[in-house]
Amino acid sequence: LEQVDQYQSQVIQSEKMASLGQMVAGVAHEVNTPLGLGVTASTMLSDKIDEINQALEDQSLSAKKLQRFLSESKENTEIIYRNLSRAADLISSFKQVAVDQTADTIRKINVDEFLGEVILSLQPTLKKAHHEVLIHCDKDLTIKTKPGPINQIIINLIMNSLIHGFKDIEQGTIEIRIVCENNQCRLSYHDNGHGIEEKIKQKIFDPFVTTRRGEGGSGLGLHLVYNLVTQALNGHIEVQSQLGEGAEFIIEFPAVQVVTDDA
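Note that the structure is a prediction, hence the values are computed from the model and not measured.

Each value, and the rule that gives it
- Residues numbered from 1 in each chain as written.
- Predicted model: local features only at pLDDT ≥ 70, side-chain atom pairs only at ≥ 80, totals over all residues.
- Heavy atoms only, no water.
- Buried < 20%, exposed > 50% of the residue type's maximum accessible area, 1.4 Å probe, protein only.
- Helix = DSSP H or I, 4+ residues; strand = E, 2+ residues; numbered from the N terminus.
- Polar contact = N/O pair within 3.5 Å; in protein donor to acceptor, adjacent residues only side chain to side chain.
- Pairing = 2+ DSSP bridges.
- Axes fitted to C-alpha atoms, helices over the stretch in contact; angles between N-to-C directions.
- Contact = heavy atoms within 4.5 Å.
- Parallel < 35°, antiparallel > 145°, perpendicular 65-115°, else oblique.
- Left-handed = near helix turned anticlockwise from the far one by under 90°.
- Nonpolar A, V, L, I, M, F, W, Y, C, P; charged D, E, K, R; others polar.
- Salt bridge = Lys/Arg side-chain N within 4 Å of Asp/Glu carboxyl O.
- Disulfide = S-S within 2.5 Å.
- Core = buried A, V, L, I, M, F, W, Y, C linked by side-chain atoms within 4.5 Å.

Inspection of helix α3 (residues 111-121) places Val111, Asp112, Phe114, Leu115, Val118, Ile119 and Ser121 among the buried residues, and these make up the whole buried set. Measuring from the side-chain oxygen of the N-cap residue of α3 to the backbone nitrogen of Asp112 gives 3.2 Å; that N-cap residue is Asn110.

Written out as structure tokens, the structure reads:
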């Protein structure tokens, strides 16, 4: 039993690192696009500057040509700025999510902004299938909690929806609602996918339970979620689902609410 427990811990740790690795690959791929567009725009701008310099030396620079250059330069600088900002946002989001994913410390977070960062880090994966994630949360809700486990929970629930709930569904919707009262938070995660059959639902948080045994499913995603909720957050989780009616995971955990103007 001790060996089995040790093996299970090792596999769960591998699962954590695998999800971080997938995120690294996804973000790297996503960052390439704005950087590529920025490089193209800067190259075009450089060529246009060379043309204007040549025209100036040849004394053939007309007001019309200068006006066109200024207009095109403004377009190119806007493209460069927009795409570099996009890349910077992605990297910033990824850095925070990656730190949270490996840290187990309590810190103050704005819940709406934090969930937005987690979703942004998953955009490369979500975009492939055109699924939508909606966050319903008070914009000013700030709590002191462990962001790492919450980040891992959200990522694993979303991946569970993509792999199982939305199998063969092109456009699905995920809704995440979170409310906090009296230092107790209730997080509701709902997808409108296929739902969960009763025999799977009864043991869904057990280790190695999967409907994708021969297709790379480890059956540890929701077991990891259960452990994070109960052990790291000292909370509890339940699932409500019927076949054809999606699935809802309800998580409750203690967290200290912070008044927004607190130092």
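The subject of this paragraph is the sheet that holds strand β6 (residues 236-241). Strand order in the open sheet made by the five strands is β2-β4-β5-β7-β6, with mixed pairing throughout. At either margin of the open sheet sits one strand with a lone partner, and together these are β2 (132-137) and β6. For this sheet the average axis-to-axis angle between neighbouring strands, irrespective of direction, equals 15 degrees. By the bridge criterion, eight bridges tie strand β4 (residues 173-181) to strand β5 (residues 184-191) in an arrangement that is antiparallel. Looking at β5, one finds that Ile176 is bridged to Tyr189. The strands touched by helix α7 (residues 221-232) are β6 and β7 (247-254); relative to β6, the strand with the most contacts, the crossing angle is about 140 degrees.

Helices that pack against each other are described as a pair by the angle of their axes relative to one another and the distance between those axes. Put simply, helix α5 (residues 147-165) and α7 touch, their axes get as near as 9 Å, and they point 155 degrees apart. In terms of orientation, α5 lies roughly antiparallel with respect to α7. At the point where α5 passes α7, the crossing takes the left-handed sense. Residues Pro149, Gln152, Ile153, Asn156, Leu157 and Asn160 of α5 form the contact with α7, whose own contacting residues are Gly221, Leu222, Leu224, Val225, Leu228, Val229 and Ala232. Broken down by class, the residue content of the contact of α5 with α7 amounts to nine nonpolar, four polar and no charged.

Summarising the element assignment, Asn110 is placed in strand β1 (residues 107-110). Look at Asn110 and you get buried, because its relative accessible area is 18%. A polar contact is formed between the side chain of Asn110 and the backbone oxygen of Lys139, at a distance of 2.9 Å.

The next point concerns the pairing of β7. Bridge count between β5 and β7: eight bridges; the pairing is antiparallel. Bridging across to β7, Asp191 finds its partner in Ala247. Both β6 and β7 contribute to a ladder of six bridges, which runs antiparallel. In the sheet register, Val239 faces β7, and the bridge partner there is Phe249. Linkage of β6 to β7, two consecutive antiparallel strands, is achieved through a turn of five residues, within which Gly244 is found at a positive phi near 85 degrees.

What follows covers the pattern of salt bridges. Enumeration according to the criterion identifies six salt bridges in this entry. Across the salt bridge formed by Lys139 and Asp112, the nearest N and O atoms sit 3.4 Å from each other. Highlighted residues: Lys139 in the loop between β2 and β3 (142-145) and Asp112 in helix α3, separated in sequence by 27 residues. Judged by relative accessible area, which is 15%, Asp112 ranks as buried. A salt bridge links Arg186 to Glu252, with the nearest nitrogen and oxygen atoms 3.0 Å apart. Of the two residues, Arg186 is situated in strand β5 and Glu252 in strand β7; the sequence distance between them amounts to 66 residues. Judged by relative accessible area, which is 37%, Arg186 ranks as partly exposed.

With that out of the way, let us pick up the state of the cysteines. Enumeration over the complete set of coordinates arrives at one disulfide. Across the disulfide, Cys180 is cross-linked to Cys185 (sulfur-sulfur distance 2.1 Å). Across the S-S bond linking Cys180 and Cys185, the dihedral sits near 100 degrees, which makes this disulfide right-handed. The exposure class assigned to Cys185 is buried, which follows from its relative accessible area of 1%. With no disulfide of its own, Cys137 has Cys180 as its nearest cysteine by sulfur position, at a separation of 7.5 Å. With relative accessibility at 15%, the residue Cys137 sits in the buried group.

We now examine the nonpolar core. One recurring pattern in soluble globular proteins: nonpolar side chains tend to sit buried together. Membership of the largest hydrophobic core comes to 45 residues, with the highest contact counts inside it found for Ile154, Ile158, Ile176 and Phe249. Where this core is concerned, the elements lending two or more residues are α3, β2, α5, β4, β5, α7, β6 and β7. Contacts of Ile158, omitting those with residues within four sequence positions, involve Ile119, Leu122, Leu126, Ile174 and Tyr189.

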